[in-house]
Amino acid sequence: MVTEKTFLSRSLSCRRQFLGSAGAATLALTSPALADTVVKLLLPGGPDERPMTTAFPQKGALILQRARPPLLETPFEVFDQSVLTPNDRFFVRWHWAVIPTAVNVDTFRLTVHGHVNQTLSLSLNDILALPRVELVAINQCSGNSRGYFQPRVPGGEWSHGAMGNARWTGVRLKDVLDRAGVKAGAIQVRFNGMDEPVVPDAPDFMKSLDIDHARDGEVMLAYAMNGEQLPLLNGLPLRLIVPGWYSTYWVKMLNDVEVLDQPDTNYWTKTAYMIPDTPRANIRPGETDVKFVPISRMVPRSFITNIKEGDTLQVGASTLARGIAFGGDSGVSRVDFSSDGGKSWREAALGTDEGKYSFRQWQLRFNPPTMGGQVLMVRCTSSSGAAQPDTPNWNPGGFMRNVIERTAVVVA
Ligand SMILES: Nc1nc2c(c(=O)[nH]1)N[C@H]1C(S)=C(S)[C@@H](COP(=O)(O)O)O[C@H]1N2
Ligand SMILES: [Mo]
């Protein structure tokens with residue numbers, strides 16, 4: 001076992017060390033599956049069995065979607081255990097396979113350049129010296145639950161575990177930009193991390209935000225997650241946090257911030273991650289003549305976490321249903337539960353409010369009235385008044401699923 005002090009505590013003790021290097025060897029493994037454990041994700045329309053893995057550095061048991069670059073999904077029962085997702089069970093997604101397997105926290109520099117008065121090269125100690133902010137926020141992949149799209153669309157065939165909720169600690173992007181001095185005429189800010197494409201002419205992963213969004217005082221550069229330094233695979237030593245927005249914008253291993261005086265034309269901002277400009281990003285399969293716009297804010301979702309598809313419930317017995325809900329880009333106003341396939345609904349009790357960008361726990365007791373098959377449903381209404389819809393959306397990217405999920409159970 002290798003024990004390492006964190007750079008957060010080291011920033012006081014000043015010892016020299018590499019971080020993340022404990023996992024360097026495991027990242028290169030070719031068959032990191034736990035051969036004997038397979039999970040069934042109940043995805044329609046395709047193979048849905050996945051191996052579990054514990055082979056990735058700083059990570060516990062996760063569902064292996066792909067090894068290189070890593071796509072690791074959080075097993076759903078983790079969301080029943082706490083409102084904050086533990087770092088070692090937090091999902092992982094990278095676009096390109098060339099990911100540093102160690103980061104030297106002493107030589108690391110964040111460069112801030114472009115349309116600014118003064119180019120900055122900030123060490124982690126420089127960043128730690130800026131005012132500290134903390135926020136609980138959900139990091140959700142745009143394609144979370146893509147595996148439920150019918151007809152199926154290409155991409156990571158995730159179940160519902162390409163999301164997680166954490167307490168992020170770091171600094172305001174605004175404070176960093178103010179130190180550089182953004183010049184008049186700035187339009188966007190582009191973020192780039194230390195990962196690289198496998199082939200040189202493939203587009204490096206970068207994302208941009210509009211300048212006003214970047215300076216809204218909420219967008220953060222996080223150096224800690226749930227009170228610990230970021231796991232290597234979740235973006236050590238620094239990542240962008242864009243509260244309420246899909247995680248494609250949450251650039252990991254961030255080491256380059258560029259202020260632009262022209263709209264960003266790079267592939268990942270201009271071409272990838274586009275959704276139909278229609279209500280709920282919904283179109284009919286095959287529909288053409290649709291205008292596409294960049295994906296942005298999240299929409300409300302909710303899940304039952306303590307009862308699974310296919311479970312047997314006891315007729316007439318007082319039964320606890322509980323789970324998580326989130327409003328997307330605003331808080332949770334209410335959560336309603338149905339134990340009869342949506343014919344009748346009851347309002348659930350809500351747990352502690354950790355802020356509008358966090359998961360919110362809900363719970364309620366009910367008595368399954370009749371024997372036979374039954375469908376449990378849960379619906380979140382956000383504090384901005386958006387409610388989850390009854391029917392699934394569809395788009396070719398498999399983005400932004402937020403239909404009311406259905407859990408079929410047997411009452412006996
Ligand atoms: N540098 C870098 N940052 C990135 C990505 C990437 O490929 N490279 N992928 C983005 C996408 S699409 C997702 S879903 C999230 C995943 O965050 P996680 O791995 O911490 O869960 O990281 C985002 N940030
Ligand atoms: Mo993503």
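Rules used throughout
Residues numbered from 1 in each chain as written. Chains lettered and ligands numbered in written order. Predicted model: local features only at pLDDT ≥ 70, side-chain atom pairs only at ≥ 80, totals over all residues. Heavy atoms only, no water. Near = heavy atom within 4 Å. Polar contact = N/O pair within 3.5 Å; in protein donor to acceptor, adjacent residues only side chain to side chain. Areas by Shrake-Rupley, 256 points an atom, 1.4 Å probe, with all protein chains shown as cover. Nonpolar A, V, L, I, M, F, W, Y, C, P; charged D, E, K, R; others polar. Core = buried A, V, L, I, M, F, W, Y, C linked by side-chain atoms within 4.5 Å. Buried < 20%, exposed > 50% of the residue type's maximum accessible area, 1.4 Å probe, protein only. Helix = DSSP H or I, 4+ residues; strand = E, 2+ residues; numbered from the N terminus. Domains from an automatic or database assignment. Contact = heavy atoms within 4.5 Å. Buried area = accessible area lost by both parts, 1.4 Å probe. Salt bridge = Lys/Arg side-chain N within 4 Å of Asp/Glu carboxyl O.

Enquirer: Honestly, the site of ligand 1 in this entry has me stumped. Any pointers?
Expert: Close to ligand 1 lie 19 residues; Phe91, His95, Asp195, Arg239 and Lys252 are nearest. With respect to ligand 1, the side chain of Asn139 contributes an N or O atom lying 3.3 Å from an oxygen atom. Within the backbone of Trp250, a nitrogen or oxygen atom sits 3.0 Å from a nitrogen atom of ligand 1. Protein contact buries 100% of the 540 Å² of open area that ligand 1 shows by itself. Residue composition of the shell around ligand 1, by class: ten nonpolar, five polar and four charged.

Enquirer: Is there a simple way to think about the nonpolar core in this case?
Expert: The nonpolar side chains of soluble globular proteins are, as a tendency, buried together. Counting residues in each nonpolar core, the largest one holds 86 residues, and the members touching the most others are Leu110, Trp168, Leu177, Phe191, Leu221 and Leu240. Among the elements that take part in this core, strand β14 (residues 220–225) stands out by supplying six residues, more than any other. Two domains each provide a minimum of three residues to this core, namely domain 1 (4–272) and domain 2 (301–411). If sequence neighbours within four positions are ignored, Leu221 has contacts with Leu110, Thr169, Gly170, Val171, Leu173, Val176, Leu238, Arg239, Leu240 and Leu254. The next biggest cluster of nonpolar side chains, apart from the first, holds 16 residues, and it includes Ala348, Trp362, Val378 and Cys380.

Enquirer: Help me out: how do you make sense of the domain arrangement of the chain in this one?
Expert: One widely used convention gives an interface's size as the accessible area the parts lose upon coming together. By domain assignment, the chain separates into domain 1 (4–272) and domain 2 (301–411). Inter-centroid distance (C-alpha atoms) of domain 1 to domain 2 is 28 Å. In total, domain 1 and domain 2 occlude about 2500 Å² of area from one another, counting both sides; carbon and sulfur atoms represent 61% of this. The salt bridge partner of Glu354 is Arg167, with a shortest N-O separation of 3.4 Å. Joining domain 1 to domain 2, the criterion identifies eleven residue pairs in polar contact (both at pLDDT 80 or more). If one sorts the elements of the side of domain 1 that touches domain 2 by residue count, strand β10 (residues 133–140) sits on top with five residues. Residues that form the side of domain 1 that touches domain 2 fall into these classes: 16 nonpolar, twelve polar and four charged.

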